[in-house]
Amino acid sequence: MAACLSCTPSAAFPRGRNPILSSEVRFNTQEALLLLQQCTDFKQLKQIHTKIIRNSLSHDHVLITGLLRLSSSYGKMDYAIQLFYQIESPITFTWNLMIRGFTINDSSTQALLMYNQMIIQGIQLDKFTFPFIIKACLSACNLDKGKEIHAQAIKCGFSKDLFFQNTLMDFYLKCGDLNYGQTMFEKMAVKNVVSWTTMVTGLIFLGEIEAAREIFDKMPSRNVVSWTTMINGYARNRQPKKALELFWRMQLHNVQPNEFTLVSLIIACTELGSLKLGRWIHDFALKKGFKLESFLGTALIDMYSKCGSLEDARRVFGEMESKTLPTWNAMLTSLGMHGYAEEALNLFVEMEKGGFRPDAVTFVGVLCACVHLKNVDKGCRYFKCMVEICGISPVEEHYTCMIQLLNHIKRERRSLTVATLEKIFLRS
């Protein structure tokens with residue numbers, strides 16, 4: 001884990017002078033904190049850590065906390081845990097930071113192990129420990145452990161904390177325990193807008209759309225998140241007209257939409273198959289000053305494609321400054337859907353050149369393009385690449401594409417290809 005101090009100075013620092021490497025600066029806690037605030041990547045973080053060690057500041061709790069926070073934000077929990085175990089007597093705040101870091105980095109099992117260590121070592125729990133660890137239980141779908149922690153919170157006197165109650169209610173509902181979730185909501189002495197919205201979200205998650213609407217209508221106050229939650233619930237549960245009707249009501253209440261609201265509306269337009277409404281939402285977004293970021297842009301590409309306007313989908317894709325893998329997948333699938341198979345495969349090559357690693361969705365689009373082209377050899381090569389190089393296990397959609405490919409070739413050629421496929425299938 002030793003830092004390399006011979007790297008090129010970062011462009012993040014003015015005039016090519018990297019204060020991490022400079023010996024002119026008198027290095028103390030304040031200087032170290034300033035460098036941590038300016039840190040932009042994990043490489044810099046390791047350089048700063050090395051300088052902290054060399055200047056005998058490695059026992060400064062504030063600095064170690066800063067290092068832990070940045071390590072977790074970069075997803076480097078192995079580095080963070082090494083830092084943590086070098087602390088002589090970590091305080092509750094530091095334990096909480098580690099639990100949160102593991103949880104947000106999809107390591108809920110490690111978060112639960114940290115909590116268990118706290119209990120074993122007699123570390124004092126506080127009101128922040130419980131929401132963090134309950135979120136870990138939710139990530140792990142561990143209902144029994146969550147109930148155990150709930151009982152521990154009651155014992156420690158933190159069960160009435162509003163933030164914890166909201167987190168706990170979300171946990172019970174999303175783990176499928178409607179009775180516990182409703183009981184939590186009904187017994188809350190004080191409910192804020194987050195409490196009401198959490199209940200609406202949980203009911204939608206469980207497919208209780210009408211019950212969610214009843215709670216929504218009873219809300220004493222609503223914010224943009226509340227409105228968007230209900231609109232999104234309708235859009236994703238094939239009730240697009242109700243989603244759009246609720247949006248008109250939202251406008252009458254003078255609540256300004258956010259990007260998530262607009263994406264929900266675009267999903268509703270896609271479900272309706274209404275290109276006219278979809279274009280109206282797009283124009284509305286531009287007039288309100290929304291940029292074509294990844295989330296909104298990807299939804300528009302999907303909507304335009306499914307509503308029959310590949311040209312609009314292409315235009316949105318071209319105008320987007322930053323693209324994520326779902327954006328590329330949406331455009332690739334759109335091209336394949338409209339019969340532009342060769343263009344779809346060219347886009348796949350361009351995507352890979354851009355440094356994007358394909359996923360299972362990408363290969364559905366690629367294999368569909370091969371089906372349109374009736375190119376069995378290329379389809380088999382992509383299938384093999386998916387399984388053996390990318391390590392992706394085939395799903396039904398992949399197999400369906402391959403079966404369709406086989407139907408395009410003559411019987412004598414088919415037997416050879418089937419043998420090849422069987423070998424790949426068995427290996428996967």
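Undergrad: How should I be thinking about the overall build of the protein chain in this particular structure?
TA: When you go through the protein chain residue by residue, the secondary structure sums to 24 helices and zero strands. For the protein chain, the residues scored as buried account for 46% of the 428 residues in total. Contacts in the protein chain between residues far apart in sequence, at least 24 positions, make up 61% of those at least 6 positions apart. Total accessible area computed for the protein chain in this model is approximately 22200 Å², and 52% of it derives from carbon and sulfur atoms.

Undergrad: Please clarify how the pattern of salt bridges should be interpreted in this entry.
TA: Pairing between side chains of opposite charge can happen when their charged atoms approach one another. Inspection of every chain in the model, using the stated rule, returns 12 salt bridges. If you follow the salt bridges from partner to partner, you end up with Arg279, Asp312, Arg315 and Glu319 in one network.

Undergrad: Mind showing me how you'd approach the side chain of His150 here?
TA: Of note, His150 is situated in helix α8 (residues 143-156). The residues touching His150, leaving out its near neighbours within four places in the chain, are Phe164, Leu168, Tyr172 and Met184.

Undergrad: Sorry, what's going on with the nonpolar core here?
TA: Across soluble globular proteins, nonpolar side chains show a tendency to be buried alongside one another. Among the nonpolar cores identified, the biggest contains 123 residues, and Leu68, Met98 and Met230 are the most heavily contacted of them. At seven residues, the largest contribution of residues to this core is made by helix α22 (residues 376-389). If we skip the residues at most four places from it in the chain, Met98 touches Leu68, Met77, Ala80, Ile81, Phe84 and Met114.

Undergrad: What should I look at first to understand the environment of Asn232 in this one?
TA: Among the structural elements, Asn232 can be located in helix α13 (residues 224-236). Setting aside residues no more than four positions away along its own chain, Asn232 makes contact with Ser264 and Ile267. At 3.0 Å, the side chain of Asn232 and the side chain of Ser264 are in polar contact.

Undergrad: Just checking my understanding: could you explain helix α20 (residues 341-353) for this structure?
TA: At 3.6 residues per turn, the α-helix brings residues three or four places apart onto the same side. Between its first and last C-alpha atoms α20 spans 19 Å; for 13 residues at 1.5 Å apiece the expected length is 18 Å, and the two agree. Taken together, the buried positions of α20 are Ala341, Ala344, Leu345, Leu347, Phe348 and Met351. What you see down the axis of α20 is that its buried residues fit within an arc of 155°, all on one side. Buried residues along α20 sit in contact with α18 (310-319), α19 (325-337), α21 (360-373) and α22. Positioned one or two residues after α20, Gly355 has a phi angle of 90°, which is positive.

Undergrad: I'm lost on unusual backbone geometry in this one. Help?
TA: Trans peptide bonds make up most of the peptide bonds, and negative phi angles are found at most residues other than glycine. Even without being glycine, Ser56 reaches a positive phi, approximately 60°. Note that Ser56 resides in the loop between α2 (42-54) and α3 (61-73). Assessed through its relative accessible area of 63%, Ser56 is described here as exposed. Positive phi is not limited to glycine here, since Asp106 has a value of about 60°. The topology assignment puts Asp106 in the loop between α5 (92-104) and α6 (108-121).

Undergrad: What's the story with the packing of helix α9 (residues 162-174) against helix α10 (residues 178-187) in this structure? I'm lost.
TA: Contact geometry of α9 with α10 gives a least axis separation of 7 Å together with a crossing angle of 155°. Relative to α10, α9 is oriented roughly antiparallel. α9 and α10 meet at a crossing whose hand is left-handed. Between α9 and α10, the residues in contact are Gln165, Leu168, Met169, Tyr172 and Leu173 and Leu178, Tyr180, Gly181, Met184 and Phe185, respectively.

Undergrad: Could you clarify how one ought to interpret the packing of aromatic side chains in this entry?
TA: For any two aromatic rings, the description comes down to two numbers: the centre-to-centre distance and the angle of the planes. What the rule picks out here adds up to 19 aromatic pairs. On the numbers, 4.7 Å between centres and 40° between planes, the contact of Tyr172 with Tyr180 is tilted. Judged by its relative accessible area of 0%, Tyr172 falls in the buried class. Ring geometry for Phe317 versus Trp328: centroids 5.3 Å apart, planes at 80°, classification edge-to-face.

Undergrad: Any chance you could explain α18 here in plain terms?
TA: Along α18, the residues that are buried comprise Leu310, Asp312, Ala313, Val316 and Phe317. Angularly, the buried residues of α18 cover 160° about the axis, an arc narrow enough to put them on a single face. More than 90 degrees from the buried face of α18, the exposed residues found are Glu311 and Gly318. Where α18 is buried, its residues contact α16 (275-287), α17 (294-306), α19 and α20.

Undergrad: Would you mind going over the side chain of Ser72 with me for this structure?
TA: Mapped onto the elements of the fold, Ser72 is located in helix α3. There is a polar contact of 2.9 Å between the side chain of Ser72 and the backbone oxygen of Arg69. Excluding residues that lie within four positions of it along the chain, Ser72 makes contacts with Met77, Gly101 and Asn105.

Cut-offs and rules
- Residues numbered from 1 in each chain as written.
- Predicted model: local features only at pLDDT ≥ 70, side-chain atom pairs only at ≥ 80, totals over all residues.
- Heavy atoms only, no water.
- Helix = DSSP H or I, 4+ residues; strand = E, 2+ residues; numbered from the N terminus.
- Buried < 20%, exposed > 50% of the residue type's maximum accessible area, 1.4 Å probe, protein only.
- Contact = heavy atoms within 4.5 Å.
- Areas by Shrake-Rupley, 256 points an atom, 1.4 Å probe, with all protein chains shown as cover.
- Salt bridge = Lys/Arg side-chain N within 4 Å of Asp/Glu carboxyl O.
- Core = buried A, V, L, I, M, F, W, Y, C linked by side-chain atoms within 4.5 Å.
- Polar contact = N/O pair within 3.5 Å; in protein donor to acceptor, adjacent residues only side chain to side chain.
- Expected span 1.5 Å × (residues − 1).
- Arc of directions from axis to C-beta.
- Axes fitted to C-alpha atoms, helices over the stretch in contact; angles between N-to-C directions.
- Parallel < 35°, antiparallel > 145°, perpendicular 65-115°, else oblique.
- Left-handed = near helix turned anticlockwise from the far one by under 90°.
- Phe/Tyr/Trp six-rings, centres within 6.5 Å; stacked < 30°, edge-to-face > 60°.

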